[in-house]
Amino acid sequence: MTSDTPPALPGDDEVLRVLVRRRDRGRRDDGHRVVLVVGGGGMRGAYSGGMAHALEDAGLAGWFDAVYGSSAGAYVGSATLLGSGRGSAHIFFEDMACRAFIDPRRLGTRHPMVSLDHLLDHVLVHSKPLAWDRLRDSPVPLRVLATAVDDLSAHVLEPRTSAEWKLALRATASIPLLAGPAVELGGRHWIDGSVAEPLPVLPALREGATHVLALVNRTGPELRRAAPPGPARWARLLDRLTPGLGSIAQQQHRHAAAVALIDDAAHPSRRGAHLLPVVPGSDAGVRGLTTDRARVEHAARIGYRSLTAAVARATAA
């Protein structure tokens, strides 16, 4: 792809039309349950951050009934929920594309390569403050996905206090060696949500969503591309800690279940629900650990234009 128009993955524009009608009427009592799903992927979150920025600029961000997010998607989702769509885009290239957050030289040392301390205790306190009390009390719930260490399956966390919400956002992004140890919450230990559920469409459907807008951090061809042969060094190290964890965390097939739902409108798990994925219209070369600020900013701009194009297409019909 060379344009910023989203590629032709199957999708139902009715999802965006429902949001537009809600915005224009100023009410949401239409009998639908419209949810936003934001995928994980580390610095790839710049794409979905740009999409969230576009949703806010279009006046659509405040009309969801719930928001689901894994890993970086939970951070983008929280900012969107709290009315900071612009911040959810800019945080990636202004605050995270740096060695304070990601430094490969720390791999194998006592400090994780990805510093969640920098994100949670510096960026989200000083540069892009996150209102934990507002997140806790929001009438529209943020459903944070994390992976249980004991069975490597995905679960929706249920934090109750502001302190637990901060733990939940740490849990959904934690990977031993890469981004810090597992996080204890509710009597269990949790790691990165995108290990088991990189694009939590299925949990949203299971909890009654009738319309799902999914912000995806990979292009269509990337989603269908086979995983590279052989594990990376960091994946081998993870497997030593928890057998199977490195393989699951690295492999492309983690997206297979979500792609199957996107591809098949008659999929039994959809139960007639409307599903619209918005994917980046082009590839900025940003991967999970990219710290090239120019590329990351480009990814955010691609995401913004891709969502804007999707809204234009849906409302032109």
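What you see is a predicted model, and the numbers here were worked out from it, not measured in a lab. (Residues numbered from 1 in each chain as written. Predicted model: local features only at pLDDT ≥ 70, side-chain atom pairs only at ≥ 80, totals over all residues. Heavy atoms only, no water.)

> What should I look at first to understand the overall build of the protein in this one?
Helix and strand counts for the protein stand at 13 helices and 8 strands. Evaluated residue by residue, the protein yields a buried proportion of 55% over its 317 residues. For the protein, the share of sequence-separated contacts (at least 6 apart) that also reach a separation of at least 24 residues comes to 76%. Accessible surface computed for the protein: about 13,200 Å², of which carbon and sulfur atoms make up 52%. (Helix = DSSP H or I, 4+ residues; strand = E, 2+ residues; numbered from the N terminus. Buried < 20%, exposed > 50% of the residue type's maximum accessible area, 1.4 Å probe, protein only. Contact = heavy atoms within 4.5 Å. Areas by Shrake-Rupley, 256 points an atom, 1.4 Å probe, with all protein chains shown as cover.)

> Help me understand the nonpolar core, please; the structure alone is not making it clear to me.
Considering soluble globular proteins, one finds that nonpolar side chains tend to be buried as a cluster. Formed by 77 residues in total, the largest nonpolar core has its most connected members in Leu 16, Met 43, Leu 55, Phe 92, Leu 119 and Leu 213. A total of 8 residues in this core trace back to one element, the largest contributor, which is helix H13 (residues 293-316). Contacts of Met 43, omitting those with residues within four sequence positions, involve Phe 92, Met 96, Ala 97, Phe 101, Ile 102, Val 286, Arg 287, Gly 288, Leu 289, Thr 290 and Val 296. In terms of nonpolar packing, the next biggest core, distinct from the first, is built from 24 residues, Ala 209, Val 259, Ile 262 and Leu 275 among them. (Core = buried A, V, L, I, M, F, W, Y, C linked by side-chain atoms within 4.5 Å.)

> Is there a simple way to think about empty space enclosed by the protein in this case?
In this approach the atoms are scanned with a rolling probe the size of a water molecule, which exposes any empty space left behind. Applying the stated criterion to the full structure yields 1 cavity of 30 Å³ or more. Of the pockets and cavities examined, the largest cavity occupies roughly 50 Å³. Lining the largest cavity, in full, are Gly 39, Gly 40, Pro 198, Leu 199, Val 216, Asn 217, Arg 218, Leu 223 and His 255. Residues that form the lining of the largest cavity fall into these classes: 4 nonpolar, 4 polar and 1 charged. (1 Å grid on protein atoms, 1.4 Å probe; cavity = no way out; pocket = protein on both sides within 12 Å on 5 of 7 lines; lining within 4 Å. Points joined across faces, edges and corners; volume = space filled by probe spheres on them. Nonpolar A, V, L, I, M, F, W, Y, C, P; charged D, E, K, R; others polar.)

> In this structure, what is going on with H13? I would like to understand it.
Count 3.6 residues to each turn of an α-helix, and residues three or four apart come out pointing the same way. With 24 residues, H13 should cover 34 Å at 1.5 Å per step; its first-to-last C-alpha distance of 35 Å lies within 8% of that length. Buried positions along H13 lie against helix H1 (14-25), helix H2 (45-57), helix H4 (85-96), strand E7 (211-215) and strand E8 (274-278). Two or three places before Ala 294, at the start of H13, stands the capping residue Asp 292, its side-chain oxygen 3.1 Å from that residue's backbone nitrogen. (Expected span 1.5 Å × (residues − 1). Polar contact = N/O pair within 3.5 Å; in protein donor to acceptor, adjacent residues only side chain to side chain.)

> Just to check I follow, could you spell out the UniProt feature "active site" (unreviewed entry) in the protein for this structure?
When the UniProt feature table is mapped onto this chain, "active site" (unreviewed entry) is found at Ser 71 and Asp 192. Maximum C-alpha separation among the annotated residues is 5.7 Å over a sequence range of 122 residues, consistent with a single clustered spot. With residues near it in sequence (within four places) discarded, Ser 71 still touches Gly 40, Leu 145, Thr 172, Ala 173, Asp 192, Gly 193 and Ser 194. Mapped onto the elements, Asp 192 comes out in the loop between strand E6 (188-191) and helix H8 (201-206). Among the residues examined, Asp 192 registers a relative accessible area of 6% and is labelled buried. For Asp 192, the contacting residues outside a window of four places in its chain are Ser 71, Thr 147, Ala 171, Thr 172, Ala 173, Ser 174 and Ile 175. (UniProt positions renumbered as here; feature names shortened; annotations may be inferred.)

> I keep staring at unusual backbone geometry and nothing clicks. Help me out?
Trans peptide bonds make up most of the peptide bonds, and negative phi angles are found at most residues other than glycine. Unlike most non-glycine residues, Leu 152 shows phi in positive territory, near 55 degrees. You can call Leu 152 buried: its relative accessible area is 18%. Even without being glycine, Leu 177 reaches a positive phi, approximately 75 degrees. Relative to the helices and strands, Leu 177 resides in the loop between helix H7 (162-171) and strand E5 (183-185). Residue Leu 177 is classed as partly exposed on the basis of its relative accessible area, which comes to 34%.

> In this structure, what is going on with the pairing of strand E2 (residues 66-70)? I would like to understand it.
Each regular strand shows side chains that alternate between the opposite faces of the sheet. By the criterion of burial, E2 is predominantly enclosed, with 5 of the 5 residues buried. Neither face of E2 is left uncovered, since the one carrying Ala 66, Tyr 68 and Ser 70 and the one carrying Val 67 and Gly 69 both have all their residues buried. By the bridge criterion, 4 bridges tie strand E1 (residues 34-38) to E2 in an arrangement that is parallel. Paired with Val 37 across the bridge in E2 is Tyr 68. Note that the unit made of E1, H2 and E2 has a crossover that is right-handed. As paired strands, E2 and strand E3 (residues 142-148) are joined by 4 bridges and run parallel to one another. For Ser 70, the partnering residue across the bridge sits in E3 and is Leu 145. (Pairing = 2+ DSSP bridges. Right-handed = clockwise from strand over helix to strand, strands pointing away.)

> What is the right way to look at the pattern of salt bridges in this model?
Following the criterion strictly, the structure yields 22 salt bridges and no others. In this structure, Arg 313 and Asp 13 form a salt bridge, with 2.9 Å as the shortest nitrogen-oxygen distance. Of this pair, Arg 313 sits in helix H13 while Asp 13 is found in the segment before H1, placing the two residues 300 residues apart along the sequence. By relative accessible area, which is 37% here, Arg 313 ends up partly exposed. Linking Arg 22 and Asp 30 is a salt bridge whose minimum nitrogen-to-oxygen distance equals 2.9 Å. On the basis of relative accessible area, Arg 22 is assigned to the buried category, the value being 1%. Three or more residues are tied together by salt bridges with common partners; here these are Arg 22, Arg 28, Asp 30 and Asp 65. (Salt bridge = Lys/Arg side-chain N within 4 Å of Asp/Glu carboxyl O.)

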